[in-house]
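# Working through the structure, step by step
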Amino acid sequence: MLRTEELTKTFRSEEVETIALSKVNLAVEEGEFVSVMGPSGCGKTTLLNILGLLDSPTQGKYWLNGIEVSRLSELKRTRIRRGNIGFVFQSFNLIEELSVYHNVELPLLYMGVSSGERKRRVNEVLDQVKISHRKKNFPRQLSGGQQQRVAIARAVVSRPKLILADEPTGNLDSVNGEEIMSLLTQLNNDGTTIVMVTHSSADADKAHRIIQLFDGHIITERIKKAMQIG
Amino acid sequence: MRSICIPVKGISEGDIAEVEVRVLKSDLVWKYRLESFKLPNTGKSPSDTIKRIDSLRKLIKEYDQSWELIQILDTIEASEYVHILYRKKTKND
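These notes cover the structure that comes with them. (Residues numbered from 1 in each chain as written. Chains lettered and ligands numbered in written order. Predicted model: local features only at pLDDT ≥ 70, side-chain atom pairs only at ≥ 80, totals over all residues. Heavy atoms only, no water.)

Right, let's get into the interface of chain A and chain B. Contact residues are listed per partner, giving 24 residues for chain A and 20 residues for chain B. Roughly 1,800 Å² is buried in total at the junction of chain A and chain B, and carbon and sulfur atoms are behind 55% of that figure. One salt bridge in this structure joins E68 of chain B and R222 of chain A, with 2.7 Å as the shortest N-O distance. The tally of links from chain A across to chain B stands at six residue pairs in polar contact (both at pLDDT 80 or more). Every element with two or more residues in the side of chain A that touches chain B is listed here: α6 (174-189), α7 (201-204), β9 (209-214) and β10 (217-223) of chain A. (Contact = heavy atoms within 4.5 Å. Buried area = accessible area lost by both parts, 1.4 Å probe. Salt bridge = Lys/Arg side-chain N within 4 Å of Asp/Glu carboxyl O. Polar contact = N/O pair within 3.5 Å; in protein donor to acceptor, adjacent residues only side chain to side chain. Helix = DSSP H or I, 4+ residues; strand = E, 2+ residues; numbered from the N terminus.)

Next comes the structure, spelled out in structure tokens:
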């Protein structure tokens, strides 16, 4: 599904150069669930942003579905991202002015999906994440757990093969956190590849593989459970 | 309930803390160990970072294999120590 080779990202200010990622070699198979852990500032989110084509590496290569994407223009990156990658953020990142329904519909509008098909798919994913009863509400009228369920619905409505989740339970209590992890695990069981950044070892344990980052380097990789094929 | 937070008073850098979690009326027992390791230096240059990374990789690789690494924890700015949480492996691991 994705592979990086010597992926490096540096941030430069006038006086200081900070190495956020250093020569990261990573491969994630289709259908795999990978957790990325490490202390604050170790490069987890930078890695996720590059994998999600929201940022580009300073050096190194990145193949997504067999295409080398590290040097593509912003426009080409956006085209590849659309419909292929779903994002789930710690702070939900829902649009406050749009209802639940319209937040989830938005990616399909960008993709030019027809009105009837949009309606069918939005209702389907809202049912899937059990939030249909709140589809006319606005994000501020929902609890944190409900908002994250909407964010997951928005991430999956375009049927991406890859979901990138950045601390998806970071702003949730334990009960809602469990529900979100169950949803992500179910999506993975249905075939979606997931790369998740987390500080929670309990959440990380849900993955097939746990990667530990430190100072922008991969320190260890630990296989938790075998991936089911087919 | 997914986690239990245990405040540990008086632990300083270089100390080791071990915690045993037992679920009553069942056979579930987990043993956790929080250990501090002194890294070679805290410099910011690329060669300092490489030394620190190599050292960390080595100590994790050579650590008692009956324990599994759970998490490398947040470090204090410019600290010489890195804190690592391990869990004792069970028959299922």
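All right, on to the sheet that holds strand β1 (residues 16-22) of chain B then. Residues and elements named next belong to chain B. What the four strands build is an open sheet, ordered β1-β2-β4-β3; its pairing is antiparallel. Edge positions in the sheet fall to β1 and β3 (67-72), since each has one partner strand and no second. Pairs of neighbouring strands in the sheet enclose a mean axial angle of 25 degrees, with direction left out of account. (Pairing = 2+ DSSP bridges. Axes fitted to C-alpha atoms, helices over the stretch in contact; angles between N-to-C directions.)

Here we take up the layout of surface pockets. In this model, the second largest pocket occupies a volume close to 960 Å³. Elements supplying a minimum of two residues to the lining of the second largest pocket: β1 (2-12) and β2 (17-28) of chain A together with α1 (46-61) and β4 (81-88) of chain B. In terms of residues, the lining of the second largest pocket owes the most to one element, β2 of chain A, which gives six residues. Its residues assigned to classes, the lining of the second largest pocket comprises 13 nonpolar, 16 polar and seven charged. (1 Å grid on protein atoms, 1.4 Å probe; cavity = no way out; pocket = protein on both sides within 12 Å on 5 of 7 lines; lining within 4 Å. Points joined across faces, edges and corners; volume = space filled by probe spheres on them. Nonpolar A, V, L, I, M, F, W, Y, C, P; charged D, E, K, R; others polar.)

All names here are of chain A. The biggest cluster of nonpolar side chains holds 33 residues, and the ones touching the most others in it are V104, V122, L126, V150, I152, L184 and M196. Contributing elements (two or more residues each) for this core: α3 (100-111), α4 (115-128), α5 (144-156), β7 (162-166), α6 and β8 (193-197). With sequence-adjacent residues up to four places away left out, V122 is seen in contact with Y101, V104, E105, L108 and V157. In terms of nonpolar packing, the next biggest core, distinct from the first, is built from 28 residues, V28, L47, L64 and V195 among them. (Core = buried A, V, L, I, M, F, W, Y, C linked by side-chain atoms within 4.5 Å. Buried < 20%, exposed > 50% of the residue type's maximum accessible area, 1.4 Å probe, protein only.)

Using the criterion set out here, one finds 22 salt bridges over all chains in the structure. For R12 of chain A, the salt bridge is made with E17 of chain A, and the minimal N-O distance between the two is 2.7 Å. By relative accessible area, R12 of chain A is classed as exposed at 65%. Ionic pairing is found between R33 of chain B and E18 of chain B, a salt bridge with its closest N-O pair at 2.7 Å. Of this pair, R33 of chain B sits in strand β2 (residues 29-38) while E18 of chain B sits in strand β1; the two residues are 15 residues apart in sequence, bridging distant segments of the chain. Looking at E18 of chain B, the relative accessible area reads 48%, which means it is partly exposed.

All names here are of chain A. With respect to the helices and strands, the residue T192 is situated in the loop between α6 and β8. Along the primary structure T192 and L162 are separated by 30 residues, whereas in three dimensions their C-alpha atoms are 5.9 Å apart. Ignoring any residue separated from it by four or fewer positions in sequence, one finds T192 in contact with E32, P160, K161, L162, I163 and L187.

All names here are of chain A. Evaluated as defined, the whole model comprises two cavities of 30 Å³ or more. Counting only elements with at least two residues in the lining of the largest cavity, the list comes to α1 (44-51), β6 (85-89) and β7. Counting residues per element, the lining of the largest cavity draws most heavily on β6, which supplies three residues. By volume, the second largest cavity amounts to about 30 Å³. Residue classes in the lining of the second largest cavity are distributed as four nonpolar, two polar and one charged.

Attention shifts here to a nonpolar patch on the surface. Together, I4, I6, V8 and I11 of chain B make up an exposed nonpolar region whose accessible area comes to about 340 Å². Within the secondary structure, I4 of chain B sits in the segment before β1. (Patch = residues over 30% accessible without salt bridge, like charges linked within 9 Å, V, L, I, M, F, W, Y side chains within 5 Å. Areas by Shrake-Rupley, 256 points an atom, 1.4 Å probe, with all protein chains shown as cover.)

Bringing the side chain of D166 of chain A into the picture now. All names here are of chain A. Here D166 is to be found in strand β7. For D166, the side chain forms a polar contact with the side chain of T45, separated by 3.1 Å. Those residues in contact with D166 that sit more than four places away from it in its chain are T45, L48, V88, F89, Q90 and V197.

Nothing here speaks to function; it is all geometry.
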